[in-house]
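Secondary and tertiary structure notes
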Amino acid sequence: MNWINNGKKPVLIAGPCSAETEEQVIQTANRLFRTGKVDVLRAGIWKPRTRPGAFEGIGTKGLPWLQKAKELTGLPVAVEVAKASHVELCLEFGIDILWIGARTTVNPFAVQEIADALKGTDKPVLLKNPINPDLDLWLGGMERLQNAGLTKLGAIHRGFSFAGEKIYRNRPQWQIAIDFKTEMPNMMMINDPSHICGRRDLLQKVAQKAMDLNFDGLIIESHINPDAAWSDAAQQITPEVYGQLIADLIIRDIDPKDLKERTKLDILRKEIDILDDEIMNVLASRMKVARDIGKYKKENNMTILQTDRWQEILHKFVERGLQNGLTEEFITRVIKSIHDESIGQQEKVMTSE
Ligand code: PEP
Ligand code: MN
């Protein structure tokens with residue numbers, strides 16, 4: 001449920017990664033306000049940096065700057081909290097919305113400490129996904145906040161850290177956010193293109209995808225002089241570029257008002273249902289054959305995994321997938337997952353009496 005702006009979509013949160021100086025906070029707030037496309041101002045005061053030595057936030061002295069930005073623009077302000085002392089200071093300085101960062105959501109002790117510090121307040125809180133792709137940890141963090149009696153809650157999807165070749169700073173893994181929405185359908189879900197992308201040129205595409213997936217809103221980092229930002233410089237954009245990004249978004253309806261369009265959509269959805277059914281039937285048949293193979297291997301005392309055979313299947317799959325316009329990454333994930341289940345089913349047969 002979107003409690004920030006009475007159901008209007010999308011909810012728009014913008015502001016610098018970090019509050020740096022009073023002037024920077026006020027100028028960013030004023031210029032963002034002028035775009036007319038901001039519902040909430042954000043600014044980090046305490047910055048959990050992965051390596052020590054990076055800018056770790058201006059600290060408590062930045063809180064009055066946010067109070068001033070709020071007075072000048074009338075916009076509510078949001079700050080990241082990571083422990084009870086941060087919560088107490090935010091309550092003291094009238095910060096409207098708190099958010100819990102990805103490095104904090106991974107730690108149930110920390111989330112519980114924050115939840116305990118908020119008991120009895122009904123303060124609005126947004127919970128970022130943990131840095132690792134663990135849906136339960138994200139849901140569990142939200143449950144801790146709910147158990148503390150908080151009702152104005154929302155989730156922020158900011159992507160998941162990963163090793164290896166990178167386009168994104170944090171891999172989006174949209175499915176995890178969709179799974180979260182399935183588990184908690186009434187929870188507001190906001191996308192954070194800035195921390196997913198880590199660079200300006202990808203922001204528009206990710207923000208659009210979030211809108212197409214029916215997310216409730218966006219949180220985007222904006223700075224008056226992005227290149228000179230004290231944290232996350234490469235992903236920040238000026239308030240004016242931000243305004244244009246939002247203006248360029250295409251916001252689609254979930255249910256087309258036009259009856260003819262709706263019928264067309266119904267037909268396409270039916271087609272998807274039929275195809276999903278087929279996928280399920282084919283998978284079930286494949287697993288049955290895998291069990292039969294398991295039986296054969298057991299009788300003939302053979303190993304489950306035959307590496308050459310597996311390499312051959314993988315190769316063939318990728319080749320066919322590419323011919324059909326699928327990405328190698330996707331097709332590899334699918335076949336590996338199917339293979340994994342087949343091995344599990346064979347194993348069951350082979351270890352049974
Ligand atoms: C932030 O919002 O500036 C931040 C630190 O984000 P995350 O917790 O997603 O890394
Ligand atoms: Mn940041």
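Residues numbered from 1 in each chain as written. Chains lettered and ligands numbered in written order. Predicted model: local features only at pLDDT ≥ 70, side-chain atom pairs only at ≥ 80, totals over all residues. Heavy atoms only, no water.

Looking at the environment of Thr35
Rules: The numbering of helices and of strands both runs from the N terminus, where a helix is a DSSP run of H or I of at least 4 residues and a strand a run of E of at least 2. The term polar contact refers here to a pair of N or O atoms within 3.5 Å; inside protein, the definition further demands a hydrogen-donor-capable atom paired with an acceptor-capable atom, and it admits residues adjacent in sequence only when both atoms are side-chain atoms.
Assignment of secondary structure puts Thr35 in helix H1 (residues 22-35). Along the backbone, Thr35 and Pro239 are 204 residues apart, and their C-alpha atoms lie at a distance of 7.3 Å. A polar contact of 3.1 Å, which involves the side chain of Thr35, links it to the backbone nitrogen of Lys37.

Concerning the coordination of the manganese ion (ligand 2)
Our working rule: Coordination shells were defined by N, O and S atoms within 2.8 Å of each metal, extended to 3.2 Å for Na, K and Ca; water is absent from the atom set, which can make sites look incomplete. Only protein chains enter the calculation, and the probe is 1.4 Å; a residue is then buried if its accessible area is under 20% of its type maximum, exposed if over 50%, and partly exposed in between.
Binding of the manganese ion (ligand 2) to the protein goes through Cys17 (SG), His195 (NE2), Glu221 (OE) and Asp232 (OD), at separations of 2.1 to 2.4 Å. Counting the intervening residues between successive donors of the manganese ion (ligand 2) yields the motif C-x177-H-x25-E-x10-D. Placement of Glu221 in strand E8 (residues 217-221) and of Asp232 in the loop between E8 and helix H10 (239-247) is noted, with a sequence separation of 11 residues between them. For the pair formed by Glu221 and Asp232, the shared burial category is buried.

Overview of a negative patch on the surface
Basically, it comes down to this: Surface patches are drawn from residues lacking salt bridges whose relative accessible area is over 30%; two like charges belong together within 9 Å, two nonpolar side chains (Val, Leu, Ile, Met, Phe, Trp, Tyr) within 5 Å. Where accessible areas are quoted, they stem from the Shrake-Rupley method and a 1.4 Å probe; at the residue level, only the protein chains shown are allowed to cover. Should a side-chain nitrogen of Lys or Arg be within 4 Å of a carboxyl oxygen of Asp or Glu, the pair is scored as a salt bridge. Within this scheme the basic residues Lys and Arg register as positive and the acidic residues Asp and Glu register as negative, but His and the chain ends are omitted. Just so you know, the charge point we use is NZ for Lys, CZ for Arg, CG for Asp and CD for Glu.
On the surface, Asp136, Glu143, Asp179 and Glu183 cluster together to form a negatively charged patch. At the level of elements, helix H6 (135-147) and helix H7 (174-183) are the ones that each hand at least two residues to the negative patch. Along the chain, Asp136 falls in helix H6. Taking relative accessible area as the criterion, Asp136 reaches 57% and is therefore assigned exposed.

Observations concerning the domain arrangement of the protein chain
We apply this condition: Domain boundaries shown here were taken from an automatic or database domain assignment.
When the domains of the protein chain are assigned, the result is domain 1 (11-248) and domain 2 (259-351). Once you take the C-alpha centre of each, domain 1 and domain 2 turn out to be 39 Å apart.

Quick look at unusual backbone geometry
For the peptide bond that leads from Lys9 to Pro10, omega is -5 degrees, which places it in the cis range. Looking at the secondary structure, you find Pro10 in the segment before strand E1 (11-15). Residues other than glycine seldom take positive phi values, yet Asn214 does so here, at roughly 70 degrees. Topologically, Asn214 is positioned in the loop between helix H9 (203-212) and E8. For Asn214, a relative accessible area of 28% puts it in the partly exposed group. You will see that Asp232, though not glycine, has its phi angle at about 50 degrees, which is positive. Overall, Asp232 belongs to the buried group, its relative accessible area being 12%.

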